[in-house]
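Single-letter residue listing:
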Amino acid sequence: MTDTSSSRPRPSPAVLALIASAFVVATCGLVYELLAGTLASYLLGDSVTQFSTVIGAYLFAMGIGSWCSRYVTRDELRLFVRVEILIALIGGCLAAVLFLLFPMIDHFRIALYALVLGIGFLVGLEIPLLLRILRADFEFRDLVSTVLTFDYVGALAASLLFPLILMPHLGMIRTGFLFGLANVGVALALMWLLPSSARLGLEKAAGILVALALAAGFVGAERLQRLAEVAAYEEPVIYAASTPFQRIVLTRGGDDLRLFLNGNLQFSSRDEYRYHEALVHPALGRVTRPARILILGGGDGLAAREVFRHPGVESVTLVDLDPEMTRLFANSPMLARLNKGALADPRLKVVNADAFRWVRDARGPYDAIIVDFPDPTDFSVGKLYTKTFYQQVHRLLGPGGMMVVQSTSPLIAPGAFWTVATTLEAAGFATRPYHVYVPSFGEWGFVLAAHGPIGDAVRIPSGGRFLTARDEPRLFDFPPDMARRPTPVNRLDNQALVREFADEWGRYEG
Amino acid sequence: MPDRRTVIAGLGVGAVAAAGGTAWHLRDPAMPGALGGADMARGHALRDGGFPPPSIEEQAGIVIAGGGVAGLSAGWALAEAGFDDFTLLELEDATGGNARAGRNATSAFPLGAHYLPVPNREAKALRALLTRLGMVVGEKNGAPLYDPYQLCADLQERLFYQGRWQEGLIPRRGLSETDEADLAAFAAAMAAFSARIGQDGRPAFAIPMAYSSRDADLLALDAISFAIWLDRQGWHSPVLRGHVRYCMRDDYGCEADQVSAWAGIHYFAGRRGWAADDAGDNELTWPEGNARLTTALSARIGKRIAPARIVHRVARDGGGVVVDSFDVARNATVRTRARAAIIAVPHFIAARIAPEAAPQAHGFGYAPWIVANVTVDRLPAGRGAKLAWDNVSWTSESLGYVVATHQGPAARAAGSVLTWYLPLSRMAPAAARRLMVERPLHDWQAMVRDDLLAMHPDLEGAIRAIHIWRWGHAMIRPVPNFLWTTAPAAAAAAQAPFFLAHSDLSGLSLFEEAHYRGQLAAEGAMAHLGHAFASML
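Residues numbered from 1 in each chain as written. Chains lettered and ligands numbered in written order. Predicted model: local features only at pLDDT ≥ 70, side-chain atom pairs only at ≥ 80, totals over all residues. Heavy atoms only, no water.

Chain B goes by Flavin containing amine oxidoreductase in an unreviewed UniProt entry, where it is assigned to Edaphosphingomonas laterariae.

Applied cut-off: UniProt positions are given in the numbering used here, feature names are shortened, and annotations may be inferred rather than shown by experiment.
As recorded in an unreviewed UniProt entry, chain A goes by Polyamine aminopropyltransferase and comes from Edaphosphingomonas laterariae. For chain A, the Pathway (unreviewed entry) comment in UniProt is given as "Amine and polyamine biosynthesis; spermidine biosynthesis; spermidine from putrescine: step 1/1." The Sequence similarities (unreviewed entry) comment attached to chain A in UniProt states, word for word, "Belongs to the spermidine/spermine synthase family."

1. Some points on the overall build of chain B
Selection criterion: Here a helix means four or more residues in a row that DSSP labels H or I, a strand means two or more in a row labelled E, and each is numbered from the N terminus. Burial classes follow relative accessibility: with a 1.4 Å probe on protein chains only, a residue under 20% of its type's maximum area counts as buried, one over 50% as exposed, and anything between as partly exposed. Only the protein chains shown count as cover for residues, and all accessible areas are computed by the Shrake-Rupley method using a 1.4 Å probe. For the purpose of counting charges, residues Lys and Arg are taken to be positive, whereas Asp and Glu are taken to be negative. His and the chain ends are not included. Note on charges: their place is set at NZ of Lys, CZ of Arg, CG of Asp or CD of Glu.
Looking only at helices and strands, chain B features 15 helices and 21 strands. Its C-alpha atoms give chain B principal-axis dimensions of roughly 100 × 60 × 45 Å. A buried classification covers 57% of the 537 residues belonging to chain B. By element, 56% of the accessible surface of chain B is carried by carbon and sulfur atoms, the whole surface being about 21,000 Å². Positive and negative side-chain charges in chain B, numbering 50 and 53 respectively, have mean positions lying 3 Å apart.

2. Focus: the domain arrangement of chain B
Residue and element names in this part refer to chain B. For clarity, the cut-off: These domain boundaries are the output of an automatic or database domain assignment. Note on definitions: a residue-residue contact is assigned when non-hydrogen atoms from the two residues lie within 4.5 Å. Summed over both partners, the accessible surface that disappears when two parts come together, traced with a 1.4 Å probe, is what is meant by buried area. The salt bridge definition used is simple: a Lys or Arg side-chain nitrogen within 4 Å of an Asp or Glu carboxyl oxygen. Each polar contact in these results corresponds to two N or O atoms within 3.5 Å; when the atoms are within protein, one needs to be able to donate a hydrogen and the other to accept it, and residues that are neighboring in sequence are counted only if both atoms are side-chain atoms.
We note that the domain assignment places domain 1 (41-101 + 288-364 + 478-529) and domain 2 (104-112 + 366-476) within chain B. The distance between the C-alpha centroids of domain 1 and domain 2 comes to 30 Å. Taken together, the contact pairs 17 residues of domain 1 with 12 residues of domain 2. For the pair domain 1 and domain 2, the summed buried area comes to about 1,200 Å², and 63% of that belongs to carbon and sulfur atoms. Run the count over domain 1 and domain 2 and you get zero salt bridges. The interface formed by domain 1 and domain 2 contains five residue pairs in polar contact (both at pLDDT 80 or more).

3. Considering the sheet that holds strand β20 (residues 463-476) of chain B
All names here are of chain B. Which entries qualify depends on this criterion: If DSSP finds at least two bridges between two strands, the strands pair. Comment: axis = line fitted to C-alpha atoms, over the contacting stretch for helices; angle = value between 0 and 180 degrees taken between N-to-C directions.
Here eight strands make up an open sheet; going across it, the order is β1-β20-β16-β19-β18-β17-β9-β10 and the pairing mixed. Pairing within the sheet leaves two strands with one partner each, and these edge strands are β1 (35-37) and β10 (164-167). Here the average twist between neighbouring strands, direction ignored, is 25 degrees. The pairing of strand β9 (residues 157-161) with strand β17 (residues 390-393) spans four bridges and is classified as parallel.

4. Some thoughts on the sheet that holds strand β7 (residues 348-351) of chain A
Residue and element names in this part refer to chain A. Overall, mixed pairing links the seven strands, which are arranged β7-β6-β5-β8-β9-β11-β10 in an open sheet. Every interior strand has two partners, whereas the edge strands, β7 and β10 (430-438), have only one. Averaged over all neighbouring strand pairs, the angle between strand axes comes to 15 degrees, with direction disregarded. Alignment of strand β9 (residues 397-406) against strand β11 (residues 442-450), held across four bridges, turns out to be antiparallel. Bridge assignment links V405 to a residue of β11, and that residue is V447. Set on the sheet, helix α8 (residues 272-284) makes contact with β5 (292-297), β8 (366-372), β9, β10 and β11; between it and β10 the angle comes to about 155 degrees. Its contacts with the sheet put helix α15 (residues 414-426) on β9, β10 and β11, and the angle it makes with β11 is roughly 5 degrees.

5. Details of the layout of surface pockets
All names here are of chain A. Spelled out, the test is: Using a grid of 1 Å spacing that covers the protein atoms alone, one calls a set of points a cavity when a 1.4 Å probe fits there but cannot get out, and a pocket when the set is open and has protein on both sides within 12 Å along at least five of seven lines; lining residues are those with an atom within 4 Å of a point. Grid points are joined across faces, edges and corners, and a volume is the space filled by probe spheres set on the points. The classification used treats Ala, Val, Leu, Ile, Met, Phe, Trp, Tyr, Cys and Pro as nonpolar, Asp, Glu, Lys and Arg as charged, and all other residues, Gly among them, as polar.
Its boundaries defined by the atoms lining it, the second largest pocket holds a volume of some 1,100 Å³. Taken together, 47 residues form the lining of the second largest pocket, with N264, L265, Q266, P374 and D375 sitting closest to its centre. If you list the elements that add at least two residues to the lining of the second largest pocket, you get β3 (256-261), β4 (264-268), α8 and α16 (496-509). With six residues, α16 is the largest single contributor of residues to the lining of the second largest pocket. In terms of residue class, the lining of the second largest pocket is made up of 25 nonpolar, 12 polar and 10 charged.

6. A closer look at a nonpolar patch on the surface
Defined as follows: Distance thresholds for patches are 9 Å for like charges and 5 Å for nonpolar side chains (Val, Leu, Ile, Met, Phe, Trp, Tyr), applied to residues having over 30% relative accessible area and no salt bridge.
Residues L156, L160, L164 and I165 of chain A make up a contiguous nonpolar surface patch of about 400 Å² in total accessible area. With respect to the helices and strands, L160 of chain A occurs in helix α5 (residues 140-193).

7. Observations concerning the UniProt feature "active site" (unreviewed entry) in chain A
Residues and elements named next belong to chain A. The feature "active site" (unreviewed entry), as given by UniProt, occupies D372 in the numbering adopted here. Note on placement: D372 falls in strand β8. Setting aside residues up to four positions removed in sequence, D372 forms contacts with Y275, H276, L279, L296, G297, G298 and Q406. Within the structure, D372 has its side chain in polar contact with the side chain of Y275 (distance 2.7 Å).

8. Overview of the interface of chain A and chain B
Across the contact, 29 residues belong to chain A and 29 residues belong to chain B. Between chain A and chain B, roughly 2,500 Å² of surface is buried when both sides are summed, and carbon and sulfur atoms account for 54% of that area. On the chain A side of the contact with chain B, L202, F379 and D493 of chain A bury the most area, a combined 21% of that side's loss. Linking chain A with chain B are three salt bridges, by the criterion used here. Among the ionic pairs, R499 of chain A bridges to D154 of chain B, the shortest N-O distance being 2.5 Å. If you list the elements that add at least two residues to the side of chain A that touches chain B, you get α6 (201-219), α12 (355-361), α13 (379-382) and α14 (387-396) of chain A. Among the elements that make up the side of chain A that touches chain B, the one with the highest residue count is α6 of chain A (four residues). Classifying every residue of the side of chain A that touches chain B gives 11 nonpolar, eight polar and 10 charged.

9. Section: helix α12 (residues 429-438) of chain B
All names here are of chain B. The following threshold applies: By definition, the arc is the one covered by directions from the helix axis to the C-beta atoms.
Along α12, the positions that sit buried rather than exposed are P429, A432, L435 and M436. An end-on view of α12 places all buried positions within 115 degrees of arc, on one side of the element. Residues of α12 that are exposed and angled more than 90 degrees away from the buried face: R434, V437 and E438. Looking at the buried side of α12, the elements it contacts are β16 (366-376), α13 (441-455) and β20.

The following block contains the structure:
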């Protein structure tokens, strides 16, 4: 074993283990790097930037690790084993920790790069240490060649395994734990195989503990995944926040930005113009001079964007429950671009209040009222679709004014849709229901409501992408499968709408 | 450097300590909360006597002793009729009786009575009151239109049965043929009782109960227990009997074998709420419960209310009365000379302080209750039907809980106060009252918490505080022969210038009854004094 001149040394099992560990260590190192890059693009979007910066930071940290290895003067094996255990712990938990942290912390990137730098630093230590541990058993020429060969082959293995097998079958969290186990396996194998490891009692205990923890993580990954609910969305989640009122999640896939509230899709940036043009213009276009506008709900500012396309709008009052929602859509440049800065318009006043309570004390009159609440999925939101609520809104609508109400899908939930119309009529409104096709939602319905008969004449502002004055009349045609049917009035004390809506969507979703 | 053994031993000690800490925490969490109830010191002072002789004298046309619903209703009726020369003396610091409320940072919440069913057509005086209070907002097709904000919003009730929440309080799934048959027969019988008009032209079962028919076969129902009556009908379905038990405990704080059949049937056949928009089956409710009503009544009477006054003697004095009351603030007994007295206190107290008006209280028994107000960080959830106002578990000994924020705005509330009710109907009332005095706060809290967690594992870690309120004499018990024998005899014993006003005299501890008794006493007193008024009865 001390014969360094031999070109074909007979490696002991320990040496074989060390060489094998070069392979495993390399595979693990690259898997962590890929995990961090994938996770960053998944959670933050913009995969090119994420991958470049993560890989750059990782390689740079490896450089620092390699540089620092020179200051290790003795006990290389002990340090190597410790490094392995640490990498196993940090790298193994990387995906799980980042997923769990993402919804909880404000500066996600700091956590991300701290972990990437940490792992990179430790991985950078690995190869120099390994070379030095093995230098007694090999000729330097062979040693460098062997270790680096296994290092690069390991990298290839990782780069193929990761997209083809690991991601589709194990998912990110499990993959992390699995490779953490491989890492700590290397450490444990070395400690038991190497004769000089008798003094490594503490390291052995730590190694076993870490292995147990990672195995537990691997087994419990399913639960962790559920906890980190970002996995529930089809597209990468780019923003998530829990407010006292709801869970706000934004996803982005390519140029498609989607907003989910409590898991329910609110809009897709690809086709929201269809929804919002159809929501706003038939109502505002029927008011002679729409100057004072009230928007109930609509904290994303997209309805307000359409409102401001009408000349002569003097003031918009937007009542949305959740300050976090209006703040997000006012301050995020990406979202403000989507609503064309409507929430920052000096004519617009945001009121963060519960609309059910707000309308009782509010003073009118408004020329147009846009009612755009989430679907009546529970008894709380259902209160915003009741006769009592509409009676208060009725008081706020000026003479000649026009109101529109988002009324769910007349195709999937015709009973619910026509209940809204019936309820508006019971509250004293004349109504004219209409519908529009929004690909991400399906066939979607609205009800126009006013103090008197609602005519055909309408002005649609130019420059829209979907609605024109020529096509608008067609929205009011209902084919037989969506035709009007008798429904009860939705009252606070019967909430007929919530039951009907749940029934119909339940049947639709099976 | 520690060796492996030390490390492992250290870990072991740490784990044991952590586990022990957790176990200790589970066993004995220092749950915030307080123990409250009727002022026992003042109540017992009344029992034990020893008040100083009167040192202050006052005058009033009428003295009302007691500021619960009956006393306040009497005061309201006097004020409405333009009779302003009266004083209302209340033992506690606040009026409201069983309808009092509490409040914390999360919500107001009831300490006792928490809703008022939409009144029947015959409850004219009560409807007039509700109209004055803005709760009846108009008329539609000839029927009163109630304020939708004050009618209980949907979902009103749900039941936790066989691991799932369902709408309504009668189990719907897994019923045997016997269950189905007995439930249907029972419902049909109750519907028939509800629709029946007696020989005397009165409804068989009315609210107020004084308006009920006196047909002999109906009154005979008061002589036997409800359980025996149900047995005689052959209705043994455990589902029906379980539901009946819930109802009897809910309204009377009693078991079905403790109440009379007349009282039992009255629960199911007495309500024919009269309202537009199908609201007849609904009830009025508020975060603070019936304190909404008593607060409004108190506000109308205003300065004529004298709180913290322990009335300990009401006696005839020439043509009028003298009322001696100990004024806690002044530490002196005040003698009030009046022309008439409305004694609006529970009958067992009336017998003690006004033997001329209430010679004895034999046969008057009271059900003790525990009411817990539980502050939670998040709303209860559960499989099946969504959170309702009233949430009941089939297997629990408690009556479940109502959600104080149910009538609130549309936003899903982040937290709430759950008002949890437990009538101690299985114990002899005296033993239950002793238990109330002896059992510490912590034990009550553990009981409430365990009961809630059994229905709602999802509330684990979300309970912030549990406030316990003890009602030693919460409700009169309508035992057999009480409603139509004992109570009417007691009511008849009081002669002018004494007028008794309490739901005890109806035998049913309901807001409607207390209000009726208050109105009746006020009208009697005004008639006695020759004050002109338009009767509301």
